[in-house]
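Each chain, letter by letter, is given below.
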Number of protein chains: 4
Amino acid sequence: MMLEALREEVLEANLELVRRGLVLYTFGNASGIARESGLVVIKPSGVPYERMAASDLVITDMDGRVVEGDLKPSSDLATHLALYRAFDEIGGVVHTHSTHATSWAQACREIPCLGTTHADYFHGAIPVTEAMEAGDIESEYEWNTGQAIVRCLDGRDPLDMRAVLVAGHGPFCWGDSASDAAHVAVVLEEVARMALSAMAINVGVTPISDALRDKHFMRKRGPGAYYGQK
Amino acid sequence: MMLEALREEVLEANLELVRRGLVLYTFGNASGIARESGLVVIKPSGVPYERMAASDLVITDMDGRVVEGDLKPSSDLATHLALYRAFDEIGGVVHTHSTHATSWAQACREIPCLGTTHADYFHGAIPVTEAMEAGDIESEYEWNTGQAIVRCLDGRDPLDMRAVLVAGHGPFCWGDSASDAAHVAVVLEEVARMALSAMAINVGVTPISDALRDKHFMRKRGPGAYYGQK
Amino acid sequence: MMLEALREEVLEANLELVRRGLVLYTFGNASGIARESGLVVIKPSGVPYERMAASDLVITDMDGRVVEGDLKPSSDLATHLALYRAFDEIGGVVHTHSTHATSWAQACREIPCLGTTHADYFHGAIPVTEAMEAGDIESEYEWNTGQAIVRCLDGRDPLDMRAVLVAGHGPFCWGDSASDAAHVAVVLEEVARMALSAMAINVGVTPISDALRDKHFMRKRGPGAYYGQK
Amino acid sequence: MMLEALREEVLEANLELVRRGLVLYTFGNASGIARESGLVVIKPSGVPYERMAASDLVITDMDGRVVEGDLKPSSDLATHLALYRAFDEIGGVVHTHSTHATSWAQACREIPCLGTTHADYFHGAIPVTEAMEAGDIESEYEWNTGQAIVRCLDGRDPLDMRAVLVAGHGPFCWGDSASDAAHVAVVLEEVARMALSAMAINVGVTPISDALRDKHFMRKRGPGAYYGQK
């Protein structure tokens, strides 16, 4: 993908977070990667979404060196880079503090797979990381956050589980592309909201059967997928 | 009803779900049936509502064969067909993953009739299906979902109870027409939301009396109905 | 007040309910009374707010006979009339099924006075009626609903307590005028929402002191009121 | 800062509260201070935000005497003045009855620091005042409210903790400027909402570690801050 197209897609992914009510002020960030060149396009740090242009986005290499752009990259850049390094399959990363997904992260609880909305996107419970050690916070914090996410995924296919909750912090999501990652972040917020309500209705609620979970996940993502066009 | 008019009505019913905040991205679907010809107009699968035109809708016969349209029909088509076959009285079907109705479905709990908002539209608790067997999920899943709904209604007049919650999934609604079904889906979401809040306020809340339930249901739908004009 | 001006004010009060998200479809209704002529202007039954014009409003006398207008008045007219007859001080009545106030009504619980937002408008807990007897439901239901509200107020000054929750149904509010009643309905919804959240945070939450309640109520409504201009 | 610029900033801070859904009708108020002249610009009492112009704002001295403006200042003026007198570092004050922050105030519970969204802005739990004594309510109520806030902060740097919940009432926030105070009020509302949800998910939720709290607070506000541009 040409860098200009990637730049536009990453801008659009960032703006999608605003349109869907996932971010407040300068919270959150989206990035995308051009795998052939190893370049990452990411939101600048602390810039209001309302006046963000494609030209404000920052381009870095996979070591976080700025290659293009006058602004500082998102302070969460190192977390994005850790994910791009660990997960070859992914093309975009999104981080938000969206209300309900963040509430689960703060509660240090995985989001159980209570319904087909969840299973349409995520193959099982959304995992939550362990609390980070003081040492990992004090130095290389953002990079270590990425490592905590990678450990939490524990070798699973990152496209089967496109989100992890960072304990006491909030969700990181990813996908085929920046726009896919943003889409996942939006659905995660809704899944988190419904899981909270379902538990409030029935404290003993249990996950759906493996059969139902697999059916819905595969209907959209498996080799025999039949949801959508073509 | 002419097919073109039905096409417009079904488009409008789909868009009503967006306007009322019941659907995210491509979630949900509405259909309508022309009983004289046995043709069903339904939303195409996985197409964003924002760019959906009446001409994108798909027309099928009651066996699900596409009669008109270039796109694939909603993957939930077979559920709609099962309902049209079982319930002669209905003219439209709507399925959503709306937040609160879906939360009740995920909690596998019927929505008790706690107030007159509920009773104005639904004659008693909104039932929830049994969890589906693995075999019914693996093969003919969408058709079997429809059968689970029909079993759950247990011979009742489908116009007395125009909604069922599919356990671990979400609500299916129906009515005289596609627009009526969409209207029911919107009210169901609000009823589901208020029932959750009422239970949070008073965990021992009980349904309203049969007399109050019947009064409100009949005021709008019974032979002596006196709500509305004419 | 001239009837035309009252008609405009009642239309505006009805539309305020829509703007503030208190009503869905044709739910709810607002009316106003011209005390000198004993004429009541009220929303027509079952007409969507979006296409309601001042000329659609219905004018009745205090026995509910239509004096002007081609449409049927709100089916809740008799409840409004019962309140106008019992409470000489009031000039407007509003009924909604707003989410949180209705949830308290469905929970059959009064809303305790937990904060100054509440006390700024209501002098103490918002009372809830007793459940209605079957006989009172079967015949003259709407009039009897009004009587239940009047009994529930138990001789208090209706301008000290401008709302009652009808058990299993929803709130009725009133005030100096139709616009005042609509304003009260909007604030009641917010007060109901905050009381639910406060209880969720602290199940043992207690009402504010009488001193604080009186201070805030009097700051806005008492003889020494000093809130607002002039 | 020139008074005209301050006037514009205070207007903008008031309007920000509306845009973010923190205020209903005439609830809430924002002010700013010109420290060199000791003049305070504040919202007028009970004027709807929709028709508020910069020229409607009231300018007073630090004893509350109106220096400029035809309208009465906010009835909470004395609380603002108490905060300006006690906290030399601050340039703006905002008071709201925003839904979730007010719910915590009504519950008389401090908001624990459950996540990094919280820690990005507030260094620890948001404290709640003691209930006010009847004597402090009956006379000089608004001034005494300010004193309760000051006592509650207990000598801490007011820029480390830019908000206090007044028990049974709602939040007061402050900051470098009126716009900073409004920004804090918006974030506080979101933090309050997420804390409630986190507790609903996990009743035994505990605050994040001191290391994580300090890391995030310092990342934005400390001497080595690296969030944002420049």
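Procedures and definitions
- Residues numbered from 1 in each chain as written.
- Chains lettered and ligands numbered in written order.
- Predicted model: local features only at pLDDT ≥ 70, side-chain atom pairs only at ≥ 80, totals over all residues.
- Heavy atoms only, no water.
- Contact = heavy atoms within 4.5 Å.
- Salt bridge = Lys/Arg side-chain N within 4 Å of Asp/Glu carboxyl O.
- Polar contact = N/O pair within 3.5 Å; in protein donor to acceptor, adjacent residues only side chain to side chain.
- Helix = DSSP H or I, 4+ residues; strand = E, 2+ residues; numbered from the N terminus.
- Nonpolar A, V, L, I, M, F, W, Y, C, P; charged D, E, K, R; others polar.
- Pairing = 2+ DSSP bridges.
- Axes fitted to C-alpha atoms, helices over the stretch in contact; angles between N-to-C directions.
- Least-squares fit on C-alpha atoms with pLDDT ≥ 70 in both.
- Buried < 20%, exposed > 50% of the residue type's maximum accessible area, 1.4 Å probe, protein only.
- Parallel < 35°, antiparallel > 145°, perpendicular 65-115°, else oblique.
- Left-handed = near helix turned anticlockwise from the far one by under 90°.
- 1 Å grid on protein atoms, 1.4 Å probe; cavity = no way out; pocket = protein on both sides within 12 Å on 5 of 7 lines; lining within 4 Å.
- Points joined across faces, edges and corners; volume = space filled by probe spheres on them.

Trainee: Quick question: what am I supposed to make of the interface of chain D and chain A here?
Mentor: Interface size, as often reported, equals the accessible area lost upon joining of the parts. Across the boundary between the two partners, chain D contributes 34 residues, which contact 32 residues of chain A. For D:Arg219, the salt bridge is made with A:Glu142, and the minimal N-O distance between the two is 2.7 Å. Our count for the chain D to chain A interface comes out at 17 residue pairs in polar contact (both at pLDDT 80 or more). For the side of chain D that touches chain A, the secondary structure elements donating two or more residues are helix 4 (116-119), helix 7 (178-201) and helix 8 (210-221) of chain D. When residues of the side of chain D that touches chain A are assigned to their parent elements, the largest contribution, 12 residues, is made by helix 7 of chain D. The residue makeup of the side of chain D that touches chain A, split by class, is 16 nonpolar, 10 polar and eight charged.

Trainee: Even after reading the chapter, I still don't get the sheet that holds strand 7 (residues 170-175) of chain B, so can you show me in this structure?
Mentor: Residue and element names in this part refer to chain B. Judged by pairing direction, the sheet is antiparallel, and its seven strands sit side by side in the order 4-3-2-1-5-7-6 without closing on themselves. The sheet is open, and its two borders are formed by strand 4 (66-68) and strand 6 (163-166), each paired with just one other strand. Taking each pair of neighbouring strands and ignoring which way they run, the sheet shows an average axis angle of 25 degrees. Here four bridges tie strand 6 to strand 7, and the two strands are oriented antiparallel to one another. Note on strand 7: the bridge partner recorded for Ala-163 is Cys-173. Helix 2 (residues 77-86) rests against strand 1 (29-34), strand 2 (39-42), strand 3 (58-60), strand 5 (92-95) and strand 7 of the sheet, and its axis sits at about 40 degrees to strand 1. Taken strand by strand, helix 6 (residues 141-153) contacts strand 6 and strand 7, and its axis lies near 125 degrees from that of strand 6.

Trainee: Can you help me understand the relation of the copies chain D and chain A in this one?
Mentor: Relating one copy of the chain to the other takes a rotation about an axis and a shift parallel to that axis. Mapping chain D onto chain A leaves a residual RMSD of 0.0 Å; the transformation is a rotation of 90 degrees accompanied by 0.0 Å of translation along its axis. Both chain copies can therefore be described as sitting about a four-fold axis. Taking C-alpha positions as the reference, the residue of chain D nearest the rotation axis is D:Ala200, at 5.5 Å.

Trainee: Can you walk me through the pairing of strand 6 (residues 163-166) of chain A in this structure?
Mentor: On a regular strand, one side chain projects to one face of the sheet and the next to the other, so that they alternate. Neither face of strand 6 of chain A is left uncovered, since the one carrying A:Ala163 and A:Leu165 and the one carrying A:Val164 and A:Val166 both have all their residues buried. Hairpin connection of strand 6 of chain A to strand 7 (residues 170-175) of chain A: three residues between the antiparallel strands, including A:Gly168 at a positive phi of 70 degrees.

Trainee: I keep staring at the arrangement of the chains and nothing clicks. Help me out?
Mentor: There is no contact between chain A and chain C; across them, the least C-alpha separation is 11 Å. There is a clear gap between chain B and chain D: no contact, and 11 Å between their nearest C-alpha atoms.

Trainee: Sorry if this is basic, but what is going on with the packing of helix 2 (residues 77-86) of chain C against helix 6 (residues 141-153) of chain C here?
Mentor: For any two helices packed against each other, the geometry comes down to the angle between their axes and how far apart the axes lie. Residue and element names in this part refer to chain C. The contact between helix 2 and helix 6 brings their axes to 7 Å, and the two run at 40 degrees. Judged by the inter-axis angle, helix 2 sits oblique to helix 6. Judged by the sense of rotation from one axis to the other, the crossing of helix 2 with helix 6 is right-handed. Counting all contacts with helix 2, which are made through Ala-78, Thr-79, Leu-81, Ala-82, Leu-83, Arg-85 and Ala-86, the residues of helix 6 involved are Glu-142, Trp-143, Thr-145, Gly-146, Gln-147, Ile-149 and Val-150. Grouping the constituent residues of the contact of helix 2 with helix 6 by class yields eight nonpolar, four polar and two charged.

Trainee: Which parts of the structure should I look at to understand the layout of surface pockets?
Mentor: Where empty space is left becomes clear once a probe the size of a water molecule has been rolled over the atoms. The volume enclosed by the second largest pocket comes to roughly 750 Å³. If you go around the second largest pocket, you meet 27 residues; those closest to its centre are A:Thr26, A:Gly46, D:Tyr121, D:Asp180 and D:His183. Mapped by element, the contributors of at least two residues to the lining of the second largest pocket are helix 1 (3-19), helix 7 and helix 8 of chain D. With five residues, helix 1 of chain D is the single largest residue contributor to the lining of the second largest pocket. Residue classes in the lining of the second largest pocket are distributed as seven nonpolar, seven polar and 13 charged.

Trainee: Explain the sheet that holds strand 7 (residues 170-175) of chain C to me, please; I cannot follow it from the model alone.
Mentor: Strands belonging to one sheet form pairs held by backbone hydrogen bonds; the direction of such a pair is parallel or antiparallel. Residue and element names in this part refer to chain C. Taken together, the seven strands give an open sheet; going across it, the order is 4-3-2-1-5-7-6, and neighbouring strands pair in antiparallel fashion. The open sheet terminates on both sides in strands that have one partner only, identified here as strand 4 (66-68) and strand 6 (163-166). Taking each pair of neighbouring strands and ignoring which way they run, the sheet shows an average axis angle of 25 degrees. Of the strands in this sheet, strand 1 (29-34), strand 5 (92-95), strand 6 and strand 7 touch helix 7 (residues 178-201), which is tilted by about 140 degrees from strand 7.

Trainee: Whenever I open this one, helix 3 (residues 99-107) of chain B confuses me. Can you help?
Mentor: Since there are 3.6 residues in each turn of an α-helix, residues three or four apart along the chain are aligned in direction. Extensive coverage of helix 3 of chain B is indicated by the burial of nine of its nine residues. Along helix 3 of chain B, the residues classified as buried are B:Thr99, B:His100, B:Ala101, B:Thr102, B:Ser103, B:Trp104, B:Ala105, B:Gln106 and B:Ala107. Where helix 3 of chain B is buried, its residues contact helix 4 (116-119) and helix 7 (178-201) of chain A together with strand 6, strand 7 and helix 7 (178-201) of chain B. One or two steps after helix 3 of chain B, the chain reaches B:Cys108, where phi turns positive at roughly 55 degrees.

Trainee: Is there a simple way to explain the packing of helix 7 of chain A against helix 3 of chain B in this structure?
Mentor: Between helix 7 of chain A and helix 3 of chain B, whose axes approach to 8 Å, the crossing angle comes to 55 degrees. As judged from the angle between their axes, helix 7 of chain A and helix 3 of chain B are oblique. Between helix 7 of chain A and helix 3 of chain B lies a crossing whose hand is right-handed. Only B:Thr99, B:His100, B:Thr102, B:Ser103, B:Trp104, B:Gln106 and B:Ala107 of helix 3 of chain B make contact with helix 7 of chain A, whose side of the interface consists of A:Glu190, A:Arg193, A:Met194, A:Ala195, A:Ser197, A:Ala198 and A:Ile201.

Trainee: Explain the interface of chain C and chain B to me, please; I cannot follow it from the model alone.
Mentor: Every contact between the two is made by 32 residues of chain C and, on the other side, 34 residues of chain B. At the boundary of chain C and chain B, one finds two salt bridges. As a salt-bridge pair, B:Arg219 and C:Asp76 come within 3.4 Å of each other at their nearest N and O atoms. Taken together, the connections running from chain C to chain B amount to 17 residue pairs in polar contact (both at pLDDT 80 or more). For the side of chain C that touches chain B, the elements supplying multiple residues, two or more each, are helix 3 (99-107), helix 5 (134-138), helix 6 and helix 7 of chain C. Counting residues per element, the side of chain C that touches chain B draws most heavily on helix 3 of chain C, at seven residues. Partitioning the side of chain C that touches chain B into residue classes produces 14 nonpolar, 13 polar and five charged.

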